[in-house]
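Residue-level listing of the chains:
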Amino acid sequence: MGTSFMNRDFGIDLGTANTLVYVKNKGIVLNEPTVVAVNKITNEISAVGNEAKKMVGRTPENISVIRPMKDGVIADFDTTAAMMDYYVSKVHKAKSIFSSKPNVIVCVPSGITMVEERAVLDATKQAGAKGAYPISEPFAAAIGAGLPVWDPTGNMVVDIGGGTSEVAIISLGGTVTSRSIRMAGDTMDQQIITYIRKKHGLLIGESTAEKLKLELGSARVDDERDKMNIRGRDLVTGLPQTVTIHNEEIVEAIKETIEAIIEAVKNTLESTPPELSSDIMDRGIVLTGGGALLKALNEVLSEATEMPVFVAENPLECVAIGTGKALDHIEHFKNAPNVADRNPLN
């Protein structure tokens with residue numbers, strides 16, 4: 001079979017926005033949007049990933065485009081399970097990537113409940129895994145960012161994904177304290193849609209909102225990110241309309257999410273043991289996830305905490321890389337309590 005993955009264990013970053021598969025000794029072999037197009041009449045899957053994302057806002061009545069993950073957890077179990085099976089099969093170019101029943105480490109938010117975590121692990125096993133073991137997103141992000149998580153030293157990571165923003169202090173192979181808020185990249189997109197509708201009377205889709213965030217978005221007003229023309233539907237006339245959006249408008253639109261992330265970071269620091277606080281003061285805070293790419297966010301966080309804040313070298317893939325590298329310590333995850341069991345909210 002050429003390059004066979006059959007006897008290799010896997011790491012899966014099942015994200016709200018994107019799903020990444022990491023094969024041991026191979027690296028990341030798949031990175032596609034967590035999106036599925038379903039035929040509402042036959043209930044069959046029409047497209048997955050990149051192909052499904054192209055359909056967003058452009059489907060006929062009989063096709064529904066679903067994002068089966070919401071706020072970092074499974075919102076639609078059957079669709080998620082079918083999507084995972086499709087992705088891993090695509091990687092293996094065979095009936096199933098899990099044909100030899102390898103072990104899988106799968107990423108979950110640190111604030112997940114036991115029910116939500118069980119759904120993720122069940123979906124992984126349904127796709128054919130022998131054993132499925134959870135790793136919290138910030139812990140995986142810290143490993144992927146190259147932080148010495150197994151050493152007796154404090155590491156602080158802020159992972160801003162599509163569905164959740166995760167803040168954690170990590171030391172000696174475990175999470176000392178953490179915060180998980182369901183405000184992240186997707187929330188910013190929705191806030192931009194709401195802002196444009198209220199201020200300009202224009203209805204835009206998620207794709208346009210995401211483009212505005214990437215092109216004009218920043219954590220504070222930035223003269224270099226000037227303006228951009230967008231098209232949408234005029235709420236009064238119902239006709240297509242073009243308006244010009246400026247950087248300061250996007251900053252205003254997403255301000256609530258930025259403030260929530262800063263508050264989560266501060267709350268985490270306040271509950272950190274003094275010895276680890278000293279380490280973090282020396283080493284700084286590391287930003288990962290797609291949200292880490294938001295311009296000036298590291299500077300705004302640094303000013304708010306009076307600590308150095310760095311963007312990881314490869315923020316978009318940090319969680320997946322960390323999940324994959326965690327396979328070298330799989331016994332640790334087999335014997336560790338589940339992420340949800342460590343969550344005081346459960």
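Bear in mind that the values here come from a model prediction, so they are computed numbers and not experimental data.

**Topic: the packing of aromatic side chains**
Counted under the stated rule, the structure contains two aromatic pairs. Plain terms: the ring middles of Phe139 and Phe333 are 6.1 Å apart, the flat faces sit at 50 degrees to each other, and that makes the pair tilted. Placement of Phe139 in helix α4 (residues 137–144) and of Phe333 in helix α12 (residues 330–335) is noted, with a sequence separation of 194 residues between them. Each of the two residues, Phe139 as well as Phe333, counts as buried. Following the ring pairs from residue to residue traces out a cluster consisting of Phe139, Trp150 and Phe333.

**Description of the environment of Pro102**
Inspection of the secondary structure assignment puts Pro102 in the loop between α2 (77–92) and β9 (103–108). Sequence separation between Pro102 and Asp9 is 93 residues, and the spatial gap between their C-alpha atoms is 5.0 Å. Dropping the residues within four chain positions of it, Pro102 is found in contact with Arg8, Asp9, Phe10, Ala129, Lys130 and Gly131.

**Let's talk about the pattern of salt bridges**
Taken as a whole and judged by the stated rule, the model has 15 salt bridges. We note a salt bridge from Glu299 to Arg220, for which the minimum N-O separation is 2.6 Å. Pair noted here: Glu299 is in helix α10 (residues 297–305) and Arg220 is in the loop between α6 (206–216) and β15 (227–234), with a separation of 79 residues, a long-range link. For Glu299, a relative accessible area of 39% corresponds to the partly exposed category. Given a relative accessible area of 31%, Arg220 falls into the partly exposed group. A salt bridge links Glu331 to Lys334, with the shortest nitrogen-to-oxygen separation between them at 3.5 Å. Placement of the pair is Glu331 and Lys334 together in helix α12, with a separation of three residues, close to one helical turn. Classification of Lys334 by relative accessible area gives partly exposed; the value is 32%. When salt bridges with common partners are traced through the structure, they connect Arg67, Asp186 and Glu206 into a single cluster.

**Focus on the sheet that holds strand β16 (residues 240–246)**
The pairing of strands in a sheet comes from backbone hydrogen bonds and takes either a parallel or an antiparallel form. Strand order in the open sheet formed by three strands is β14-β15-β16, with antiparallel pairing between adjacent strands. Every interior strand has two partners, whereas the edge strands, β14 (202–203) and β16, have only one. In terms of strand pairing, β14 meets β15 through two bridges, oriented antiparallel. By the bridge assignment for β15, Leu202 is matched with Asp234. Sheet contacts for α6: β15 and β16; angle to β15, the most-contacted strand, approximately 165 degrees.

**Quick word on the nonpolar core**
One finds Ile192, Ile196, Ile204, Leu212 and Ile230 to be the most contacted residues of the largest nonpolar core, which totals 42 residues. Sort the elements by how many residues they give to this core and helix α8 (residues 255–270) lands first, with six residues. Here Ile192 is in contact with Ile204, Ala209, Leu212, Lys213, Ile250, Ala253 and Ile254, once residues within four sequence places are set aside. If you look at the next biggest cluster of nonpolar residues, it comprises 30 residues, including Leu14, Val36, Met69 and Ile112.

**Describing the packing of α8 against α10**
Running from amino to carboxyl end, α8 crosses α10 at an angle of 45 degrees, the nearest separation of the two axes being 10 Å. Between α8 and α10, the interaxial angle falls into the category oblique. α10 is crossed by α8, and the crossing has right-handed handedness. Across from Ile258, Ile262, Val265, Lys266 and Leu269 in α8, the residues of α10 making contact are Leu297, Val300, Leu301, Ala304 and Thr305. Of the residues assigned to the contact of α8 with α10, the class counts are eight nonpolar, one polar and one charged.

Definitions and cut-offs
Every chain's residues receive numbers from 1 upward, in the order its sequence appears when written. Totals for whole chains, interfaces and linings use every residue, but because this is a predicted model, local features are given only for residues with pLDDT of at least 70 and side-chain atom pairs only at 80 or more, for both listing and counting. Computation of side-chain values covers all heavy atoms of the structure but excludes hydrogens and water. Working definition: a ring pair exists when centres of Phe, Tyr or Trp rings (six-membered ring for Trp) sit within 6.5 Å. Plane angles under 30 degrees give stacked, over 60 give edge-to-face, the rest tilted. Counting from the N terminus, the helices are DSSP H or I runs at least four residues long and the strands are E runs at least two residues long. Exposure categories follow from relative accessible area, calculated using a 1.4 Å probe and restricted to protein chains: below 20% of the type maximum is buried, above 50% is exposed, and the middle band is partly exposed. Any two residues having at least one pair of non-hydrogen atoms within 4.5 Å are treated as being in contact. By definition, a salt bridge exists where a carboxyl oxygen of Asp or Glu is found within 4 Å of a side-chain nitrogen of Lys or Arg. Strand pairing is assigned whenever DSSP detects at least two bridges linking the two strands. Note on geometry: axes are C-alpha line fits, over the in-contact stretch for helices, and angles between N-to-C directions span 0 to 180 degrees. The set of buried Ala, Val, Leu, Ile, Met, Phe, Trp, Tyr and Cys residues whose side-chain atoms join them within 4.5 Å is what this entry labels a nonpolar core. Our angle categories are set so that under 35 degrees counts as roughly parallel, over 145 as roughly antiparallel, 65 to 115 as roughly perpendicular, and the remainder as oblique. Each crossing gets its hand from how the near helix is turned against the far one by less than a right angle, where anticlockwise is left-handed and clockwise is right-handed. For this scheme, ten residues count as nonpolar: Ala, Val, Leu, Ile, Met, Phe, Trp, Tyr, Cys and Pro. Four count as charged, namely Asp, Glu, Lys and Arg, and the remainder, Gly too, count as polar.

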